[in-house]
Amino acid sequence: MTTEPMTVQLPPAASLTPGRLRAWSWHRQGLDGSLAGCTAEQVLARAGWARSVGGANPYLTLFARAGIRRAQVDADVQAHRILELPTARGCTYVLGRDDFAWALRLGRDPAEATFKVVGRLGVDRGEIALLEEQVLHVLAEAGVPLDPRQLKDELGDSVRSLGEEGKKKGAATTLPTALGILQADGRIRRVPAAGRLDQQRYAYEPWNLAPSDLSDEEIRAELIRRYLGWTGGATFKQSQWFTGFTVAQSKAALAALGAVEVATAVGGDPLWMLPDDVERLAAFEEPAEEQIQLLAGTDSLVLLRRNAAELLAEQDRDKQALGRLALQADLPDHPILDRGRIIGLWQYDPGQERLAAWVFGATTPAVARRIAEVEAWIKEDLGDFRAFSLDSPSSRQKRIDALRASTTATAER
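All figures in this text were calculated on a predicted structure; none of them were measured in a lab.

Let us look at the overall build of the protein. Secondary structure summary: the protein contains 17 helices and 11 strands in total. What you see for the protein is a C-alpha radius of gyration of 23 Å, in line with the 22 Å of a compact globule of 413 residues. Oriented by its inertia axes, the alpha-carbon framework of the protein measures out at about 65 × 60 × 40 Å. Each of the 413 residues in the protein was classed as buried or not, and the buried ones make up 52%. A separation threshold of at least 6 residues defines the contact pool for the protein, and within that pool the share at least 24 residues apart is 64%. Within the structure as shown, the protein displays about 18,500 Å² of accessible surface, and the carbon and sulfur contribution to it stands at 51%.

Structure representation (structure tokens):
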């Protein structure tokens, strides 16, 4: 159903400067303290699902916005209040339970797409369907979560090897395809090893989640509504990158919401915004005092629109960090921010149990205090801060050394 067009008073484009838009997104993300005291479910509903690639981003997402410690996050996962699920574009995010059923539907097509790969290797749909049922039977009989190796051992010849050609196409056996479809259907779920989200070792258990009764069109409209609310506004191309929707699907979802195009002082593509947010933005005032946060490079503030360059002040765009920052689609390190503006970069050095932090300008007391707080939190709660599953102290040493060298160079100027 399409919403009737609304008459919305647009703020003057000249008033929507880069600084104001950065602060607005910061506010919409709840990084200004407005989510203090909220639960993990509430944070994820307001700020957006936390991208999970076997790294520590979900933990820092919740700690930065609401001060939630790792023990509480792990307890929420154990109680199924929040879970890591495959959803938009088939990517995994940590999200709250109110979103489980409809969000899983977004991951159904990517899961089914994997069948096309094995299909070209001589596997028919009936073989995968039979394997799905056998997986469910084995898990039910086991009574405990089983990891892929254990499942393969139990299933025996039911799991077919696809040889060297399959390995080249990322499908060594038929088991991952069956597991992916079962997850997208809500019939099984992944259980993180040791109960932690910052790794990529999983077992599986039966789930039987009741399916969403929303139509595909309603689900697409709901995701766009959430996305525009999380970001405070995004370009058409940015929304397509996150959702994976076609042009026609994106236009239909925006129309269903009565979304509004808003021109800005920076020119270029306009922002699409929810009508209520247009009015809120018109009345929004940038905070006068510092609001310092250290976030992961995959935090929603940065990842939802992949617009790290826009979060840099003009004088910082040519900063060299193994390449010009403004030319990199994704940050080489984790960002230090003040009211939405990137003011530095950081990595964690577990060998020294310290942060390597490069602040572009002067390190104010507020910046130093937040660096110390996050450093202590990582030591106490995580032990290390991995960006993704294969991240390791040795693999990031070059980055740590570069940050320290940049810090020294800045101090000597």
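Strand order in the open sheet formed by four strands is E8-E9-E10-E11, with antiparallel pairing between adjacent strands. Each edge of the open sheet is held by one strand with a lone partner, namely strand E8 (292–294) and strand E11 (354–359). Across this sheet, the average inter-strand angle for adjacent strands is 25 degrees, counted without regard to direction. Strand direction decides the pairing type here: strand E10 (residues 341–349) and E11, joined by six bridges, are antiparallel. Each bridged residue has a counterpart across the sheet, and for Tyr 348 the counterpart in E11 is Leu 355.

Moving on, we come to the packing of aromatic side chains. Counted by the stated rule, this structure contains 11 aromatic pairs. Ring plane angle 50 degrees and centroid distance 5.6 Å describe the contact between Trp 49 and Trp 102, whose orientation is recorded as tilted. Residue Trp 49 is found in the loop between helix H2 (40–47) and strand E1 (50–51), and its partner Trp 102 is found in helix H5 (residues 100–106); the two are separated by 53 residues along the sequence. Judged by its relative accessible area of 1%, Trp 49 falls in the buried class. Residue Trp 102 is classed as buried on the basis of its relative accessible area of 6%. Among the aromatic residues, those joined into a ring-pair cluster are Trp 49, Tyr 93, Trp 102, Tyr 227, Trp 230 and Phe 242. Over the face of the ring belonging to Tyr 202 we find Arg 190, whose NZ or CZ atom lies 3.8 Å from the ring centre.

With respect to the helices and strands, Gln 291 occurs in the loop between helix H14 (275–283) and E8. A polar contact of 2.9 Å, which involves the side chain of Gln 291, links it to the side chain of Trp 26. With sequence-adjacent residues up to four places away left out, Gln 291 is seen in contact with Trp 26, Asp 32, Leu 337, Asp 338 and Arg 339.

Moving on to the side chain of Glu 205. Along the polypeptide, Glu 205 turns up in strand E5 (residues 202–206). Here the side chain of Glu 205 touches Arg 189 through a polar contact of 3.0 Å, side chain to side chain. Not counting residues up to four positions away in its chain, the partners in contact with Glu 205 are His 80, Leu 139, Pro 145, Arg 187, Ile 188, Arg 189 and Val 191.

What follows concerns the nonpolar core. By size, the foremost hydrophobic cluster in this structure holds 82 residues, and its most contacted members are Trp 49, Leu 228, Trp 346, Trp 377 and Phe 385. If one sorts the elements of this core by residue count, helix H16 (residues 365–382) sits on top with seven residues. Excluding its chain neighbours within four sequence positions, the residues that come into contact with Phe 385 are Ala 56, Asn 57, Leu 60, Ala 296, His 334, Trp 346, Tyr 348, Trp 377, Ile 378, Asp 391 and Arg 396. Counting residues in each nonpolar core, the second largest holds 23 residues, with Val 123, Ile 128, Leu 139 and Leu 179 among its members.

We now examine the pattern of salt bridges. A full pass over the atoms with the stated rule returns 33 salt bridges. Across the salt bridge formed by Asp 299 and Arg 65, the nearest N and O atoms sit 2.8 Å from each other. Of the two residues, Asp 299 is situated in the loop between E8 and helix H15 (300–303) and Arg 65 in helix H3 (residues 57–66); the sequence distance between them amounts to 234 residues. Of the charged contacts in the structure, one is a salt bridge between Asp 384 and Arg 396, with a shortest N-O distance of 2.9 Å. Within this pair, whereas Asp 384 is found in the loop between H16 and helix H17 (397–412), its partner Arg 396 is found in the loop between H16 and H17, the two being separated by 12 residues in sequence. Each member of the pair, Asp 384 as well as Arg 396, is classed as buried.

Phi at His 80 is positive, roughly 65 degrees, even though this residue is not glycine. Mapped onto the secondary structure, His 80 falls in the loop between helix H4 (70–78) and strand E2 (82–86). A positive phi is found at Arg 306, a non-glycine position, where the angle reads about 45 degrees. Inspection of the secondary structure puts Arg 306 in the loop between H15 and strand E9 (334–338).

To continue, consider the pairing of E2. Counting buried positions along E2 gives five out of five residues, so the element sits mostly inside the fold. Between the antiparallel neighbours E2 and strand E3 (residues 92–96) lie five residues, among them Arg 89 with a positive phi of about 60 degrees.

What follows covers the packing of helix H11 (residues 216–231) against helix H13 (residues 247–257). Viewed as axis vectors pointing N to C, H11 and H13 meet at an angle of 70 degrees, and their least axial separation amounts to 9 Å. Judged by the inter-axis angle, H11 sits roughly perpendicular to H13. Packed against H11, whose contacting residues are Arg 220, Ala 221, Ile 224, Arg 225 and Leu 228, the element H13 presents Gln 249, Ala 253, Leu 254, Ala 256 and Leu 257 at the interface. Grouping the amino acids of the contact of H11 with H13 by side-chain chemistry returns seven nonpolar, one polar and two charged.

The next point concerns the packing of helix H7 (residues 125–142) against helix H8 (residues 148–155). One way to put it is that H7 packs onto H8 with a least axis distance of 10 Å and a crossing angle of 105 degrees. On the basis of their axis angle, the class for H7 and H8 is roughly perpendicular. In contact with Leu 131, Gln 134, Val 135, Val 138 and Leu 139 of H7, H8 contributes Leu 151, Glu 154 and Leu 155. Among the residues making up the contact of H7 with H8, the classes are represented as six nonpolar, one polar and one charged.

How each quantity is defined
Residues numbered from 1 in each chain as written. Predicted model: local features only at pLDDT ≥ 70, side-chain atom pairs only at ≥ 80, totals over all residues. Heavy atoms only, no water. Helix = DSSP H or I, 4+ residues; strand = E, 2+ residues; numbered from the N terminus. Rg over C-alpha atoms; globule rule 2.2 N^0.38 Å. Buried < 20%, exposed > 50% of the residue type's maximum accessible area, 1.4 Å probe, protein only. Contact = heavy atoms within 4.5 Å. Areas by Shrake-Rupley, 256 points an atom, 1.4 Å probe, with all protein chains shown as cover. Pairing = 2+ DSSP bridges. Axes fitted to C-alpha atoms, helices over the stretch in contact; angles between N-to-C directions. Phe/Tyr/Trp six-rings, centres within 6.5 Å; stacked < 30°, edge-to-face > 60°. Lys NZ or Arg CZ within 6 Å of the ring centre and 35° of its normal. Polar contact = N/O pair within 3.5 Å; in protein donor to acceptor, adjacent residues only side chain to side chain. Core = buried A, V, L, I, M, F, W, Y, C linked by side-chain atoms within 4.5 Å. Salt bridge = Lys/Arg side-chain N within 4 Å of Asp/Glu carboxyl O. Parallel < 35°, antiparallel > 145°, perpendicular 65-115°, else oblique. Nonpolar A, V, L, I, M, F, W, Y, C, P; charged D, E, K, R; others polar.

By themselves, these figures tell us nothing about what the structure is for.
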